Amino acid sequence: MDAHALEAEAGKKPQAKLNLAPVEEESSSGSRKGFFSWIRYYEELLDRKLGIESHSLDRVPADDRHPPNSLAMAFMWASATMNISCFSTGFLGKQFGLSLGQTIPIVICSTFLGACVTGWCATMGPETGLRQVAISRYSLGFYPSSIIAALNVIEQLGWASVNCITGGLALSAVSDGHVSIVVGVIIVACISFLFSFVGLKGVLLYEQYAWTVFFVIFMIIWGESAHRANIAAPATVFGLTRSGNVLSLISVVYGSSASWSSIVSDFYVQYPVNISKVKVFLYTTLGITIPTCIGMLLGACISSALDTNPEWAAAYDDGIGEILKIIIYPRGFAKFLLVLLVLSGIGVNCIAIYSGALSAQLFAKPCAKVPRVFWSTLVFICILCLGIAGRDHLLDVLENFLSLLGYWNTSFFVILFLEHYVFRGGKVSNYDLDAWNTPSRMPVGYAGLTAFLCGAAGWIVGMVETYYVGVLARLIGKDGGDIANELALVFTGAAYVPLRVLEYKYVGR
């Protein structure tokens, strides 16, 4: 049976009624027992009136889709990546002791490589109508995919908290310190929560248009600061140490783009089954690469000028918001643009809160019974706590957090990729799409889980983090060289194929 036949067959099944029936029965009898039943009832009510997507986990059949503009696949990532966090990441090249000439190609190539990983995963969304964690059940297994769901929640909490911190720094700079970073974190988180509460419709509504404002702002900053870039400034590290630091920067930048791979299909389930996979891949890959590079390269150029510009260096010591306030002229205009840039963090946070809540529901069947609104609220509270706790350690958070994202997303991608092309023939018709929520019809997960753990062994020996440097990584220069992604790719791939062959032979699925 081909993909279209499967979609037509799935479209005949009254999947939504499985979830709606208890609510209708409870509301008609006038008794809504329990806290979650009460939340579910009002979530259903809001869905009927506002379309807040109360059945966000259900597979979306082909004949029940309402596709957004195809360009939204690029625009939403532009809104999510063209922000102060990406700008801040650009400063890491200088922190690693690399010159601007070395940092620029690393940023461009690593961003593109990570975006390609996400772009490929994106192609699975329209074909299956499933969320990314649900898709992983066909390779990792039903229960082991809960690990991906848990890591997804942690990842989205980290992304959102980083953006709340950068937004708080910008607001504090605008107010000349009268508004604390804590208050700024709370403001950014609250606005993000409002958009994500509405569901996919609200997220896409914001993401499709917000990027235009941030693009104009970044172009203004480029115009007022690029001529100060010090391309002649030499690197401060050499030999094997420089090689190690190059590898570590590659890991951080790659991780920032590859980290979307575990959630990207969450936003593509409304697109037609027959949409061009090449279009999906290119729009997603370029939609991440171009705006990410705009922000990161700007940060790299400005950081290169710190040694020759004492005013900028002093402002940078006071925070990212302060240096932007110094760079942009006139001062009143600078404050206005900083207020708008605060909103750039909302793009990531909308995505993070929405997908974080979905992943929490997909962690286990009992979790799916808890309404998305509840999980969104819980994710929002955790983001607030993390943002407030890490507000004074932005670059440390970026360096460690973004590297970790790349590690497990590399293993995740390798398993999905090999399953799709080696064992499913590259055809969605070889997936039993109706079985996505039935453990007995999914792979047990012996191969997927073992391969993922083998990849984790590669992370451990190859990672470079503030708190730990792997035994192989520490051999590369004074500070170590992060080769965790490379080892994860090799270890995961080498383990998965033979183990999956054995799983098919002895388990049969």
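Residues numbered from 1 in each chain as written. Predicted model: local features only at pLDDT ≥ 70, side-chain atom pairs only at ≥ 80, totals over all residues. Heavy atoms only, no water.

The name recorded for the protein chain in an unreviewed UniProt entry is Nucleoside transporter, from Aspergillus steynii IBT 23096. Its UniProt record gives the protein chain a comment under Sequence similarities (unreviewed entry), which states: "Belongs to the purine-cytosine permease (2.A.39) family." Reading the Subcellular location (unreviewed entry) entry of the UniProt record for the protein chain gives the comment "Membrane". (UniProt positions renumbered as here; feature names shortened; annotations may be inferred.)

(A) Quick peek at the overall build of the protein chain. Assigned secondary structure in the protein chain consists of 23 helices and zero strands. Out of the 509 residues belonging to the protein chain, those deemed buried represent 59%. In the protein chain, of all internal contacts separated by at least 6 residues, the share reaching a separation of at least 24 is 83%. Of the roughly 19,300 Å² that the protein chain leaves accessible, carbon and sulfur atoms contribute 68%. (Helix = DSSP H or I, 4+ residues; strand = E, 2+ residues; numbered from the N terminus. Buried < 20%, exposed > 50% of the residue type's maximum accessible area, 1.4 Å probe, protein only. Contact = heavy atoms within 4.5 Å. Areas by Shrake-Rupley, 256 points an atom, 1.4 Å probe, with all protein chains shown as cover.)

(B) Focus on the confidence of the model for the protein chain. This prediction gives the protein chain a mean pLDDT of 83; 84% of its residues lie at or above 70. Within the protein chain, the lowest mean pLDDT, 39, falls on helix α2 (residues 15–29), and the highest, 96, falls on helix α7 (residues 100–122). Considering only residues more than four positions removed or in separate chains, one finds that residues 1–32, a stretch of pLDDT under 50, has 47 contacts. (pLDDT = per-residue confidence, 0-100.)

(C) Focus on unusual backbone geometry. Note that the residue after Tyr 329, namely Pro 330, is joined by a cis bond; omega there is -15 degrees. In this structure, Pro 330 sits in the loop between α16 (320–327) and α17 (331–342).

(D) Quick peek at the state of the cysteines. One pass over the structure, following the stated rule, counts zero disulfides. Not part of a disulfide, Cys 190 finds its nearest cysteine sulfur in Cys 164, a span of 8.9 Å. (Disulfide = S-S within 2.5 Å.)

(E) Looking closely at the pattern of salt bridges. Tallied over the full model, the rule gives eight salt bridges. For the salt bridge of Arg 441 with Asp 432, the shortest nitrogen-to-oxygen distance reads 2.7 Å. On the basis of relative accessibility, which here comes to 30%, the residue Asp 432 falls in the partly exposed class. By sharing partners, the salt bridges in this structure join Glu 419, Arg 424, Arg 500 and Glu 503 into a single network. (Salt bridge = Lys/Arg side-chain N within 4 Å of Asp/Glu carboxyl O.)

(F) Region of the structure containing the packing of helix α10 (residues 145–174) against α16. It is at 7 Å that the axes of α10 and α16 come closest, and there the two elements cross at 50 degrees. One finds that α10 runs oblique with respect to α16. Pair α10 / α16 crosses with right-handed handedness. Judged by residue contacts, Leu 169, Ala 170 and Ala 173 of α10 engage Gly 321, Glu 322 and Lys 325 from α16. (Axes fitted to C-alpha atoms, helices over the stretch in contact; angles between N-to-C directions. Parallel < 35°, antiparallel > 145°, perpendicular 65-115°, else oblique. Left-handed = near helix turned anticlockwise from the far one by under 90°.)

(G) Up close: the nonpolar core. Counting 64 residues, the largest nonpolar core has Trp 77, Trp 260, Phe 267, Tyr 268, Ile 351 and Trp 459 as the members making the most contacts within it. Here this core takes nine residues from helix α21 (residues 394–423), the largest share from any one element. Judged by nonpolar contacts, the second largest core, of 56 residues, contains Leu 157, Ala 160, Ala 189 and Ile 346. (Core = buried A, V, L, I, M, F, W, Y, C linked by side-chain atoms within 4.5 Å.)

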